[in-house]
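Observations on the three-dimensional arrangement
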Amino acid sequence: MPFSSLGFSSALLPVFARALAEKDYLAPTAIQAAAIPAILQGRDIVGSAQTGSGKTAAFALPMLHQIALAPALATRRIRGLVLVPTRELAAQVGESFISLARYLPQRIKVSVLFGGVSINPQMMHLRGGADIVVATPGRLIDLIEHNALTLDSVATLVLDEADRLLDLGFGEELGRLLALLPAQRQNLFFSATFPPAIEALATSLLRDPLRIEVQTAPQSAPDIVQRAIEVDASRRTQLLRHLVQSESLSRVLVFVATKHAAEIVADKLRKADIEAEPFHGELSQGKRSQVLHDFKLKIVQVVVATDVAARGIDIAQLPVVVNYDLPRSAVDYTHRIGRTGRAGESGMAISFVSAATEAHWRLITKRHHLNVPRERILGFEPVETQPPNPADPLSTGGIKGKRPSKKDKLRQAAAAMVPESKA
Ligand code: AMP
């Protein structure tokens, strides 16, 4: 199905076609094909889709379409609001809007607002209004409290990565923001997962929504090769170095459990002459942007990141993701490996499994019904049989902080009760 059959007005079609061609979007992705006609008709939608599905353009194109065709206002007023969980995602979504709007006859002003940087430039940018605001909830509330903007003209609200918004504790801010929006509006709700809290939010927010589900489970993405390598926790950095060098991995996103681990692993790789940088929430926004920029340009070969920081990273042709520390949950596993194999490209996800994380890995694979073959790399065969000292954050597999939490212990106990044949 071509973009031209999704219901765009013939006046805007050539304009969008030009922008889409520049981005090499030749045909709509599944979520775009399903969502765009419904959004153009004014329907609420609930999209079950993770980052990598093309969901940004699925909402950005029809929102731009609606704004471009609406009668001109005497003053610029915010008509589209996109709430996102992280600053990286905010920046990416903002860039998508700007690039897709490039050839529209009128200038569409997009303001991207997130915390961790000075508020003043954002206040300045909002002078004279904006058409579309892409924001993280906390900073948006700050700006509203500074009278930098109001939300009373918003016609379309997008909650992007809604599950993550709640995971990161934005529930209260979300409630406050929803109360400031006009009751009459279109709501577009995207989430990778639908736990009860998300279902409840969707039900309270949406009116007769069209439900769109695109496959999100990792096993349904055959273009991602998943590998599990057994290795002792203490030898993971050496193994990582070995893999980067022996398999000539050109760009690798490595996930670790803590900021400390991100620093240490990146440092050790650098000492082995591998261009590696840590990426976590305690780095300044400037530093994070620099690392991403250098990673995209292949100046940096390996980025060692924590989950929160890595959320929303969008790097075309990111071939390899490594779970140096396993993710805390099966859902996070999906998010992590979704960093690679995006938009139909092939990718590889490697998970390191040690004696300490064996039970947790079994839980993840069981949850996703995965059958990932185990590998051992010559020279790195594990010798540990007992979980190592849990007080050492780098040897526990770093599931959560220094010592296993109550939840981790329960999880491990539950896993231990699963018979081998069923796990
Ligand atoms: P998203 O899920 O919106 O983060 O998009 C994931 C990736 O797919 C981004 O790198 C987009 O640039 C890319 N993408 C989105 N739509 C298309 C399309 N129709 N054709 C090719 N690539 C796309």
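Fair warning: this is a prediction, and the values are worked out from it, not measured in the lab.

The rules behind each value
Residues numbered from 1 in each chain as written. Predicted model: local features only at pLDDT ≥ 70, side-chain atom pairs only at ≥ 80, totals over all residues. Heavy atoms only, no water. Helix = DSSP H or I, 4+ residues; strand = E, 2+ residues; numbered from the N terminus. Buried < 20%, exposed > 50% of the residue type's maximum accessible area, 1.4 Å probe, protein only. Areas by Shrake-Rupley, 256 points an atom, 1.4 Å probe, with all protein chains shown as cover. 1 Å grid on protein atoms, 1.4 Å probe; cavity = no way out; pocket = protein on both sides within 12 Å on 5 of 7 lines; lining within 4 Å. Points joined across faces, edges and corners; volume = space filled by probe spheres on them. Nonpolar A, V, L, I, M, F, W, Y, C, P; charged D, E, K, R; others polar. Arc of directions from axis to C-beta. Contact = heavy atoms within 4.5 Å. Phe/Tyr/Trp six-rings, centres within 6.5 Å; stacked < 30°, edge-to-face > 60°. Lys NZ or Arg CZ within 6 Å of the ring centre and 35° of its normal. Salt bridge = Lys/Arg side-chain N within 4 Å of Asp/Glu carboxyl O. Pairing = 2+ DSSP bridges. Axes fitted to C-alpha atoms, helices over the stretch in contact; angles between N-to-C directions.

What follows deals with the overall build of the protein chain. Secondary structure summary: the protein chain contains 16 helices and 14 strands in total. Counting all 423 residues of the protein chain, 54% fall into the buried class. Summed over all atoms, the accessible surface of the protein chain reaches about 18500 Å², with 54% contributed by carbon and sulfur.

If you walk through the whole model with that rule in mind, you get two cavities of 30 Å³ or more. Lining the second largest cavity are ten residues, and of these Arg236, Tyr324, Phe352, Ser354 and Thr357 sit closest to its centre. Grouping the constituent residues of the lining of the second largest cavity by class yields five nonpolar, three polar and two charged.

This next bit is on unusual backbone geometry. Non-glycine residue Asp24 carries a positive phi angle of around 65°. Relative to the helices and strands, Asp24 is located in the loop between helix 1 (13-22) and helix 2 (30-40). When its relative accessible area of 62% is taken as the criterion, Asp24 is described as exposed. At His369, a residue that is not glycine, the phi angle is positive and equals roughly 55°. Examined against the element boundaries, His369 turns out to sit in the loop between helix 15 (358-367) and strand 14 (374-375). For His369, a relative accessible area of 67% translates into the label exposed.

With that out of the way, let us pick up helix 8 (residues 171-179). Three or more residues of helix 8 are buried, namely Leu174, Leu177 and Leu178. For helix 8, the angular spread of buried residues about the axis comes to 100°, placing them on one side. Opposite the buried face of helix 8, by more than 90 degrees, sit the exposed residues Glu172 and Ala179. Where helix 8 is buried, its residues touch strand 2 (80-83), helix 6 (137-145), strand 5 (156-159), helix 7 (162-167) and helix 9 (196-205).

Overall, the coordinates contain six aromatic pairs when judged by the stated rule. The interplanar angle of 55° and the centroid separation of 5.2 Å between the aromatic rings of Phe8 and Phe16 together place this pair among those described as tilted. You can call Phe8 buried: its relative accessible area is 8%. Centroid distance Phe189 to Phe194: 6.4 Å. Interplanar angle 35°. Geometry classified as tilted. Grouped by ring-pair contacts, the aromatic residues Phe59, Phe97 and Phe190 constitute a single cluster. Positioned above the aromatic ring of Phe194 is the side chain of Arg211, whose terminal nitrogen or guanidinium carbon lies 5.1 Å from the ring centre. Taking the ring centre of Phe279 as reference, the NZ or CZ of Arg288 above it sits at 5.6 Å.

Attention now goes to the pattern of salt bridges. Per the stated rule, a full pass over the model turns up 25 salt bridges. With its nearest N and O atoms 2.9 Å apart, the salt bridge here joins Asp152 to Arg77. One end of the pair, Asp152, is in the loop between helix 6 and strand 5; the other, Arg77, is in the loop between helix 3 (55-69) and strand 2, and 75 residues separate them in sequence. Judged by its relative accessible area of 48%, Asp152 falls in the partly exposed class. The residue Asp142 makes a salt bridge to Arg139 at a minimum N-O spacing of 4.0 Å. Taken together, the residues span about one helical turn, with Asp142 and Arg139 both in helix 6 at a distance of three residues. Salt bridges linked by common partners bring Glu230, Glu358, Arg362, Arg374 and Arg376 together as one network.

In space, the seven strands of this open sheet follow the order 10-11-9-12-13-8-14, with parallel pairing throughout. Sheet topology places strand 10 (276-279) and strand 14 at the edges, where each strand pairs with a single neighbour. Sheet topology note: the strand 9 (residues 252-255)/strand 11 (residues 302-305) ladder contains four bridges and is parallel. Counted as the bridge partner of Val252 is Val302 from strand 11. Along the sheet, helix 10 (residues 236-246) makes contact with strand 8 (224-230), strand 9, strand 11, strand 12 (320-323) and strand 13 (347-353), crossing strand 13 at roughly 155°. The sheet contacts of helix 11 (residues 259-271) involve strand 10 and strand 11, and relative to strand 10 the element is tilted by about 175°.

Looking now at the sheet that holds strand 6 (residues 186-191). In space, the seven strands of this open sheet follow the order 3-4-2-5-6-1-7, with parallel pairing throughout. The two strands at the open ends of the sheet, each matched to only one other strand, are strand 3 (110-113) and strand 7 (210-213). Strand after strand, the sheet turns through a mean of 10° between neighbouring axes, direction not considered. Pairing of strand 2 with strand 4 (residues 132-135) involves four bridges; the strand directions are parallel. Its bridge partner lying in strand 4, Val82 is registered against Val134.

Attention now goes to the pairing of strand 8. Across the seven residues that make up strand 8, a large majority, six, are buried. Two strands pair when backbone bridges link them, and strand 8 and strand 14 are joined in this way by two bridges, in the parallel orientation. Bridge assignment links Ala228 to a residue of strand 14, and that residue is Arg374.

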